[in-house]
Structures are given as structure tokens and as C-alpha cells.
There are 2 protein chains.
Amino acid sequence: MSREGVTPQSEDFSAWYNELVVQAQLVDRGPVRGTMVIRPYGFRMWELLQADLDRRIKDAGHDNACFPMLIPESYLKREAEHVEGFSPELAVVTHAGGKDLEEPLVVRPTSETVIGEYMAKWIDSHRDLPLLLNQWANVVRWEMRPRMFLRTTEFLWQEGHTAHADEADAMRETMWALDAYATVARELAAMPVVAGEKTPGERFAGAVRTYTIEGMMRDGRALQAGTSHYLGTNFAKAFEIQYQDEAGELTLAHTTSWGMSTRMIGGVIMTHGDDKGLVLPPRLAPYQVVIVPIGRKEQGEQAAAEARRLGAAVRAMGIRVHVDDNRPQLSPGFKFNEWEMRGVPVRIELGKRDLEAGVATVVRRLEVGSGGVTNRAEGQGKEQIPLDKVPELIPGILAEFQSFLLARAEAFREERTAAVDSWDAFAGQVAEGWARALHCGRTECEDAIKADTAATPRVVPAGAPEETGACVKCGEPSAYGKRVIFGRSY
Amino acid sequence: MSREGVTPQSEDFSAWYNELVVQAQLVDRGPVRGTMVIRPYGFRMWELLQADLDRRIKDAGHDNACFPMLIPESYLKREAEHVEGFSPELAVVTHAGGKDLEEPLVVRPTSETVIGEYMAKWIDSHRDLPLLLNQWANVVRWEMRPRMFLRTTEFLWQEGHTAHADEADAMRETMWALDAYATVARELAAMPVVAGEKTPGERFAGAVRTYTIEGMMRDGRALQAGTSHYLGTNFAKAFEIQYQDEAGELTLAHTTSWGMSTRMIGGVIMTHGDDKGLVLPPRLAPYQVVIVPIGRKEQGEQAAAEARRLGAAVRAMGIRVHVDDNRPQLSPGFKFNEWEMRGVPVRIELGKRDLEAGVATVVRRLEVGSGGVTNRAEGQGKEQIPLDKVPELIPGILAEFQSFLLARAEAFREERTAAVDSWDAFAGQVAEGWARALHCGRTECEDAIKADTAATPRVVPAGAPEETGACVKCGEPSAYGKRVIFGRSY
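Residues numbered from 1 in each chain as written. Chains lettered and ligands numbered in written order. Predicted model: local features only at pLDDT ≥ 70, side-chain atom pairs only at ≥ 80, totals over all residues. Heavy atoms only, no water.

The name recorded for chain A in an unreviewed UniProt entry is Proline--tRNA ligase, from Actinomadura sediminis. UniProt, in its Catalytic activity (unreviewed entry) section for chain A, records the words "tRNA(Pro) + L-proline + ATP = L-prolyl-tRNA(Pro) + AMP + diphosphate". As its UniProt record puts it under Sequence similarities (unreviewed entry), chain A is described as follows: "Belongs to the class-II aminoacyl-tRNA synthetase family. ProS type 3 subfamily." (UniProt positions renumbered as here; feature names shortened; annotations may be inferred.)

This is the structure we're talking about:
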């Protein structure tokens with residue numbers, strides 16, 4: 001690791017992020033502009049999220065499959081809005097096997113088109129519905145302003161694609177996926193998200209309705225962390241996805257699609273990180289606990305042996321633990337800083353005095369304040385625990401830390417969110433966080449707000465109370481029947 | 001499913017395979033020539049193999065990572081043999097984000113080059129070695145003679161890439177991977193393989209030594225089912241992968257790479273399948289047990305309820321079970337044929353007489369003969385088992401079936417393998433199976449053998465007894481110090 005430390009968040013959030021993702025060994029810049037190499041420490045976070053989400057997807061009756069990455073260009077053109085939305089971002093294979101291709105092949109930016117083609121082939125009767133598919137895949141979208149994890153030319157995601165007999169069943173599916181994403185964001189990433197619908201101007205290209213989960217990052221911006229789309233019969237028409245209903249009539253299917261991506265890793269970093277570096281929620285932390293033995297020579301060897309014993313006992317509790325016992329060239333202080341920067345939830349120090357007293361010094365990455373939301377001064381997160389009690393206490397300490405992060409993020413979001421009823425107050429509010437405002441629903445008005453403040457309507461929150469009145473920008477009557485959340489976004 | 005059945009193996013093995021993979025719903029032809037859509041039934045097999053192999057890879061200390069799919073063309077050119085080997089198969093992105101690219105980007109056919117670039121960046125000192133990486137990825141190689149699973153334009157695999165301080169450590173790694181592949185092939189796929197080295201003419205482009213596992217398919221041909229390469233310092237030189245050794249000297253690392261792919265699914269099909277269709281080894285079977293309730297109306301409902309109860313009890317034993325209870329439009333006979341064709345190891349029938357007698361009719365996909373290797377006439381695989389005994393007996397029945405398949409495949413291979421010492425006998429032997437023969441080791445002689453018989457040297461078996469003499473083809477003194485296995489291959 002580099003010894004420089006990172007630019008403080010408060011000074012330049014963007015520099016903090018860009019430096020941290022590299023220094024923490026989550027990622028490296030790829031050889032092609034906008035691409036990334038996900039290093040083991042970052043990839044393990046993705047694997048942990050993937051394992052949980054994959055289980056949810058399967059438990060709800062979906063099957064994984066694998067569709068080709070190279071899609072004939074003509075497929076994309078069959079759905080007019082879809083091709084218009086994705087054309088500027090496509091990477092195109094024009095040459096293969098030593099020859100120019102007759103038809104260019106697009107590297108999938110998403111797979112509605114190719115999967116639509118096969119849904120049409122596999123569905124004959126109402127008995128074949130619903131068809132519930134998912135794939136874990138890489139996709140490519142050429143990005144003009146790339147940023148590691150958040151917007152990269154190639155990224156990893158899962159994409160669910162389902163076909164249903166009617167709108168009601170397809171909408172149930174759309175909302176199931178939205179709910180699964182909100183749950184994963186809250187429970188694994190400790191990222192409190194607002195779930196709800198996108199305004200028409202923010203819809204997925206080809207969708208009838210787009211739903212989103214939005215989290216607030218520590219600079220007050222919003223991150224769209226997962227989306228679920230009801231596609232109506234748009235793709236069914238384009239690809240002839242139809243079935244014989246019980247009366248024998250040929251009927252168009254209603255389809256959905258939904259995706260969550262490696263962008264979530266960026267969300268975790270920006271939801272919890274601080275000036276010292278990453279703060280990882282235990283459920284996504286590659287190492288939930290790191291044990292650092294302290295001392296030189298014989299005493300050091302004794303501490304290392306004890307560290308390995310303790311590590312095995314903690315591991316036996318189902319905890320991901322790393323024993324930092326083979327870098328004698330580095331000082332304990334250097335190691336402490338490094339593991340703090342890399343966001344390990346709990347560090348255990350084992351020094352001479354610890355061993356003499358039969359205790360371990362347990363240090364949480366953040367002090368879990370009594371109010372649940374305070375990050376006290378350094379040192380107050382330290383605790384001495386009898387060695388033989390450590391294994392049984394660690395799961396509770398980690399669970400408490402996980403809850404603390406969620407509560408802290410929720411409190412942060414609430415502090416930075418306000419109902420705004422005047423245009424004067426709007427710009428100030430979206431400069432720091434989110435504005436809950438009434439809006440007329442016109443895309444031109446959204447565009448004007450964006451031009452003035454860089455803020456966009458992030459989500460029409462699903463559970464918000466009914467409210468109507470005048471648009472915060474133009475004064476026209478409000479649409480949606482409730483307040484919309486506006487904010488700057490990633 | 002189609003009602004046609006498949007061409008018998010004995011009539012046309014190739015037609016049998018091509019029809020079966022589609023009818024069994026493992027795969028569908030992709031929209032672009034040589035690509036495939038892996039359907040849920042086929043993908044589940046891959047997931048089961050992946051989960052096991054991934055655990056082995058991690059347990060041996062490797063970390064998963066994710067490197068970009070698009071590689072600058074110039075990277076491939078840095079290792080001369082490598083670019084020569086892969087050039088004819090490359091797919092090239094020339095256009096992206098609405099513009100022609102300054103440098104064409106190759107869709108990875110394998111990732112030695114891009115990973116080499118980052119190994120060089122991440123390795124400074126001997127303390128950074130070994131560097132043990134793996135990735136699960138899609139790769140693209142433009143195939144002139146594509147065949148589903150065996151040779152497709154895009155396929156899925158894992159590719160291990162490691163760097164070591166010296167040849168001895170790199171060779172230990174190379175052999176570790178080979179052994180892991182042989183174990184996975186035997187234990188999961190019930191595919192007995194011969195492990196050993198490839199002759200120089202069959203080496204990976206850029207490798208110093210290539211090792212392989214080779215299985216025999218039921219038409220007597222060989223399938224290369226996994227390879228492990230010692231790359232020497234070839235890629236280390238090309239990408240400057242070097243480290244300071246303990247004396248402070250800058251030294252080239254020794255690297256390895258190794259891969260196993262979706263080709264293994266094709267191997268399972270061709271190792272065990274018969275004229276009725278697939279025969280799946282339980283450890284890779286999406287459904288290890290299918291329960292088919294029999295009967296109409298009230299009696300049918302009673303059977304279906306009992307099937308669901310039994311299904312839950314069998315599932316509770318950790319068995320993957322499917323209850324075929326919601327296709328009343330299909331006859332039991334149709335369902336039996338379908339599940340046989342799809343290779344389900346054990347079918348349980350629950351009819352009126354079964355329920356009255358308190359038993360289930362348990363049917364193995366193949367009769368497990370007393371000799372372990374006989375496939376007796378239809379009907380003899382049936383057994384009536386008291387309903388309440390079924391859950392506890394199923395794991396043993398499946399384990400026995402798994403062992404039976406391995407033993408049967410091993411016996412088949414032995415029957416079709418013979419030591420051959422004359423060129424007259426050679427052609428006949430490789431038309432039906434494998435020839436164990438002495439060979440001079442000259443690539444020109446390999447080429448002559450291939451031109452005459454379509455057979456190639458598949459593997460120099462690791463454990464074969466020492467033997468020398470005259471080359472079976474040209475009479476020159478033999479190389480390798482042992483017999484080489486020759487066969488036609490996929």
C-alpha cells in the first residue's frame with residue numbers, strides 16, 4: 001500500500017473517493033479508458049453481495065441462465081426507444097476470425113433484446129408463464145465520464161428478465177425485485193434507501209414504468225443503486241413474445257427487467273467511508289476481523305502464535321478473520337492505519353501487556369455511540385476483552401456494528417433531507433442533500449431544474465404521504481399526489 | 001419438449017449429441033453463428049461444478065478478481081507465440097461510443113496478457129509472491145467448426161493466473177491445478193481422466209509445458225477437459241513481471257495459467273449419455289430425483305399431495321428434488337420418457353397401487369449391475385421402497401449411482417484402449433478408441449499420424465510405466481520414456 005493517506009472527504013469528496021478505491025486495493029484503473037480491474041479485496045465484496053442476492057432470486061423461483069454477449073445490431077433496432085437510449089454507448093465488434101463481419105455485433109449493454117428473442121421461442125402456452133430468468137453477466141456501456149464502480153465502461157451485474165400473462169403479474173414481479181434490492185441494500189450494505197418510481201424523464205429506454213432504490217452518499221448526492229422495470233408489451237411486440245391463453249387466443253406477454261451491479265460497491269464506500277478511509281459493513285467485509293500480533297523476536301512469535309489460535313477460534317464462529325502475522329517488516333502502527341483505511345470493522349491487537357493480562361484489545365472501526373449515531377474521538381472504540389470470551393462476543397459486536405452503520409446512515413440522510421416549498425430554498429437544499437418537493441411532472445420543468453441546480457428528480461417515494469400543491473419550480477399544479485425527492489446524483 | 005426422440009448414438013453420434021443438447025433443454029443455438037444460449041437446466045450443471053471448483057481454488061489460497069474483457073491489441077503482440085496462436089480466433093471491437101477507436105480492442109480469448117500487465121504492477125518484492133489469482137469469466141474465440149459446449153465462440157470458464165519466485169514453486173502450482181481438475185472430473189462428473197503432459201506440438205501458445213486431463217467419450221474420442229500451463233518466464237519477460245529477491249536482485253517471476261470451462265458439460269453428456277438421452281451424475285444433476293404422481297381427478301390429487309410430502313422429506317436430506325405435479329395435460333409415460341431423456345438419476349413414481357401398498361416405485365436411470373458396469377434391460381432398475389424409508393435411502397442410492405457411472409466409464413475406456421506396437425494396428429485402434437504407443441516426439445511425425453488417421457497425441461500419462469523402443473509410425477527411437485496416448489479428439 002501507499003503511505004500517503006487520502007485527501008480528506010471534506011476537502012474534495014471526489015478526490016477522496018478516487019484515491020481511496022485504489023489505495024484500499026479495491027480496484028485499479030484498466031488499460032482502456034473507463035475500464036477497471038476489480039482486485040481481490042473489492043471482488044470479495046461483490047461475491048458476498050452476489051451470494052445473498054442470488055439466493056433471494058432463486059428462492060423466489062427464478063432460474064439462472066447465460067445468454068450471448070454479442071448481439072446482432074439489428075436486434076437492438078427492433079425496439080425504437082431502446083436503441084435510441086443505448087446507441088451512443090455501444091461498443092461494436094466489426095471484425096472476427098480474421099474477417100470483417102457482415103453484420104456488426106454489439107457487446108451487450110443490457111440483454112432485453114437477445115433474451116426477448118428466446119422468450120418468444122420458449123413460450124407457447126399460458127402454461128409456460130411466468131418465465132422467470134436471471135443472469136450474472138458483464139455488460140459494456142461506453143462512458144464519457146467514467147468513475148470506478150459507479151460508471152465504468154464494463155461492469156458486472158445481474159439482470160432479471162421475466163415474462164408474464166398480464167400486467168398485474170408483471171407488476172408484482174417488478175415490485176418483488178425492487179423490494180429485494182431495498183432489502184439487500186439495507187441488510188447487507190447498511191445503506192438505507194428510498195424505493196419508489198422514477199419520473200417519466202428518468203425511465204429506462206423502452207420501459208413503461210421504472211422503479212429505483214436511491215441511497216444518499218456522504219456528500220449529500222444520490223446514488224441509484226438498483227432499478228426494476230415494467231416493460232409492458234413493448235419488448236413483447238418487438239420480439240413477438242406471445243402465448244395462447246386458456247381460451248386459445250394468441251396474447252402478448254408482459255415483461256419485466258431488473259438489475260443490480262458492481263456500482264453497489266461504490267455505494268458502500270460513499271455511504272460509510274470517512275477521512276481515515278473505508279468503513280465496511282460486516283456483512284460485506286472481506287475481513288470482518290483482523291488480528292494484529294505485536295512485538296519483536298520471541299515475544300512477537302508468542303503473540304503471533306496466540307493470534308493464530310484466536311483467529312482459528314473466531315473463524316470457527318463463522319467469522320471472516322485475517323491474522324496479520326507475516327509482515328515483520330511493518331510496524332504495528334502502520335498495520336493499524338492500513339486496516340483502518342481498508343475499512344475492517346473490528347481490529348484485535350495482541351501485545352505483551354494484553355497477553356500478560358489474558359485479554360485482547362478489541363478496536364471497532366468506529367465508536368458505536370450510545371445514541372447509536374455518534375463517532376467519538378479515537379481511542380474510545382477500544383475495549384479489553386478476556387481472550388477466552390472473544391470468540392463468543394465477536395458475532396454480537398459485528399451485528400451491533402452493522403446496525404450502527406445503518407442507523408448512522410439513516411440519521412445522516414434525515415439531517416440532509418428537507419421538505420422545500422420555495423424555489424429560493426431549493427438550490428441550497430440540493431447543494432447539501434435532498435429536497436422533498438412538489439413537482440408538476442413536466443419533463444421540460446425537470447430539465448430547467450437540472451440546468452439551474454444540477455439536481456434531478458431521483459424518486460417518487462413509494463410510501464410518502466399524499467400531498468398536492470404548486471410545483472416548486474414553475475408553480476403549475478403538482479403531479480404524483482406526493483412529494484418527489486430531488487438531489488444531485490452519481 | 002419435442003416428442004421426436006433423438007437419433008441413436010450408434011447411428012450417428014454427432015447427430016445424437018446435437019439433437020440431445022437442444023431437446024434436453026441444456027442449450028439453444030445463439031443468434032450469432034457458433035454462440036450458445038445456456039438454458040437453466042444446463043446452467044445449473046455449470047453452477048454446481050463452479051461451486052465445487054471455486055471452493056477448491058479458494059481453499060488452496062487463490063483469490064478471485066475481475067480483469068477487463070477488452071484488451072488493447074498491442075498487449076497480445078508482446079508475446080510472440082501467444083499472438084500467433086490466438087490471432088486467427090480474435091473478435092475485435094473497432095468502434096465504441098459512436099466513434100472509431102484509435103487502437104482496436106480485442107475481446108479476451110484468454111487473459112495472460114492483461115493479467116500480466118497488472119502482476120507487473122502489483123509485484124515488487126519476493127514478499128509479494130506467490131501471487132495467486134483466479135477469475136470466472138466469459139471469453140471469445142472465433143470458431144470455424146463450432147459445437148455446443150465443446151467449441152463455441154463465447155464460452156464460460158475460470159482462468160487461474162499465478163506468479164512465483166522460481167520454477168519449482170510455479171511447477172508445484174501447475175501440478176496442483178492439474179490435480180484439482182482431475183479430481184473434479186472424477187468426483188463430480190464421474191469422468192475418469194488421464195492426466196499428464198501434452199507433447200510440444202500440442203502446447204498452449206506461449207507455454208513452456210502444458211498439462212491436460214483427457215476423458216474418453218462414448219464414441220471413443222478424447223476430450224481435453226482442463227489444461228494447466230507452466231509459462232516459464234515468457235510472459236514475465238513480455239510484461240516485466242519481476243521482483244527483488246532476498247538479496248535485492250531484480251529477478252523475473254515464473255508464471256502459470258490454468259482453465260476449466262463449460263466444455264465440461266459437453267464432456268458429461270458424451271461420457272454417460274445413451275440412446276434414451278442424457279445420464280447425469282448425481283453431483284452435477286440439476287434434479288437428482290424427480291417425483292411423478294400418477295392418476296386422474298381425486299386419485300391424482302391424492303398422489304400429488306403425497307408426492308409433495310415425499311418431495312419435502314427428500315429435500316430435507318439435502319437432495320435436489322423436483323415434483324412434477326402441475327402438468328396434468330401430459331401422460332405419466334410422456335413424463336417418464338422426458339425425465340429419462342433429460343438424464344435424471346432417480347425417478348420416483350407414485351401411483352394408486354403404490355399408495356395402497358404404502359410404497360414408492362423408485363427407478364434408476366440405469367440399472368446398477370452387480371458387476372458395477374452392466375446396463376440391464378429396462379424394468380430391472382425398478383424397486384419398490386416403503387414410503388417412509390425413501391428419504392433415508394435416497395442419498396445412498398444416489399452415491400451408488402455416482403460410483404457406478406464412474407466405474408462404467410472407466411471400464412468403457414479400458415475396453416477401448418490398447419497398447420499398439422505396429423502401424424498396421426494403430427489406425428484400427430484409434431478409429432474405436434485410444435492407442436497407447438511409443439512415439440519419437442517429432443512434430444512432423446505427429447502431423448503425419450494426424451494426416452493418416454485423424455489421431456493426435458492426447459497426453460503423456462503422468463503415472464505410466466517406463467518404456468522405450470521404436471516410434472509406432474516412423475521407427476525412430478521413442479522420446480518421453482513411456483507410451484503416449486493417441487486418439488481422435490474433440
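Visitor: Looking at this structure, how should I read the interface of chain A and chain B?
Guide: Often, the extent of an interface is quoted as the loss of accessible area upon association of its parts. Tallying the contact residues gives 53 residues for chain A and 53 residues for chain B. Among the residues chain A hides against chain B, the three largest losses belong to Pro31, Cys66 and Trp122 of chain A. Together they make up 13% of the total. For the pair chain A and chain B, the interface holds four salt bridges. The salt bridge involving Glu47 of chain A is made with Lys58 of chain B; its shortest N-O contact spans 3.2 Å. (Contact = heavy atoms within 4.5 Å. Buried area = accessible area lost by both parts, 1.4 Å probe. Salt bridge = Lys/Arg side-chain N within 4 Å of Asp/Glu carboxyl O.)

Visitor: What should I look at first to understand the domain arrangement of chain A in this one?
Guide: All names here are of chain A. Looking at the assigned domains, one finds that chain A contains domain 1 (13–272), domain 2 (282–413) and domain 3 (417–487). Relative placement of domain 1 and domain 2: their C-alpha centres are 37 Å apart. Opposite the 25 residues of domain 1 that make contact, domain 2 presents 17 residues. Carbon and sulfur atoms make up 61% of the area that domain 1 and domain 2 hide from each other, which totals about 2,100 Å². In terms of surface lost to domain 2, no three residues of domain 1 exceed Tyr41, Pro192 and Arg218, which account for 29% of the buried area on that side. Counting across the interface, domain 1 meets domain 2 through two salt bridges. A salt bridge links Arg283 to Asp52, with the nearest nitrogen and oxygen atoms 3.4 Å apart. For the interface between domain 1 and domain 2, the tally reads seven residue pairs in polar contact (both at pLDDT 80 or more). Elements represented by at least two residues in the side of domain 1 that touches domain 2 include exactly helix H1 (13–23), helix H2 (40–59), helix H6 (167–187), strand S9 (193–197) and helix H8 (263–272). Looking at which element gives the most residues to the side of domain 1 that touches domain 2, the answer is H2, with six residues. Class assignment for the residues of the side of domain 1 that touches domain 2 results in 16 nonpolar, four polar and five charged. (Domains from an automatic or database assignment. Polar contact = N/O pair within 3.5 Å; in protein donor to acceptor, adjacent residues only side chain to side chain. Helix = DSSP H or I, 4+ residues; strand = E, 2+ residues; numbered from the N terminus. Nonpolar A, V, L, I, M, F, W, Y, C, P; charged D, E, K, R; others polar.)

Visitor: I tried to follow the packing of aromatic side chains on my own but got confused; where do I start?
Guide: Following the criterion strictly, the structure yields 30 aromatic pairs over all chains and no others. For the ring pair Trp176 of chain A and Trp258 of chain A, a centre distance of 5.5 Å and an interplane angle of 70° mean the geometry is edge-to-face. A residue pair is termed long-range when its members are at least 10 positions apart, and Trp176 of chain A in helix H6 and Trp258 of chain A in strand S14 (residues 254–261) qualify at 82 residues. What makes Trp258 of chain A buried here is its relative accessible area of 2%. Looking at Arg78 of chain A, its charged tip hangs above the ring of Tyr75 of chain A, at a distance of 4.7 Å from the centre. Over the ring of Phe336 of chain B we find Arg347 of chain B, and its NZ or CZ is 4.4 Å from the ring centre. (Phe/Tyr/Trp six-rings, centres within 6.5 Å; stacked < 30°, edge-to-face > 60°. Buried < 20%, exposed > 50% of the residue type's maximum accessible area, 1.4 Å probe, protein only. Lys NZ or Arg CZ within 6 Å of the ring centre and 35° of its normal.)

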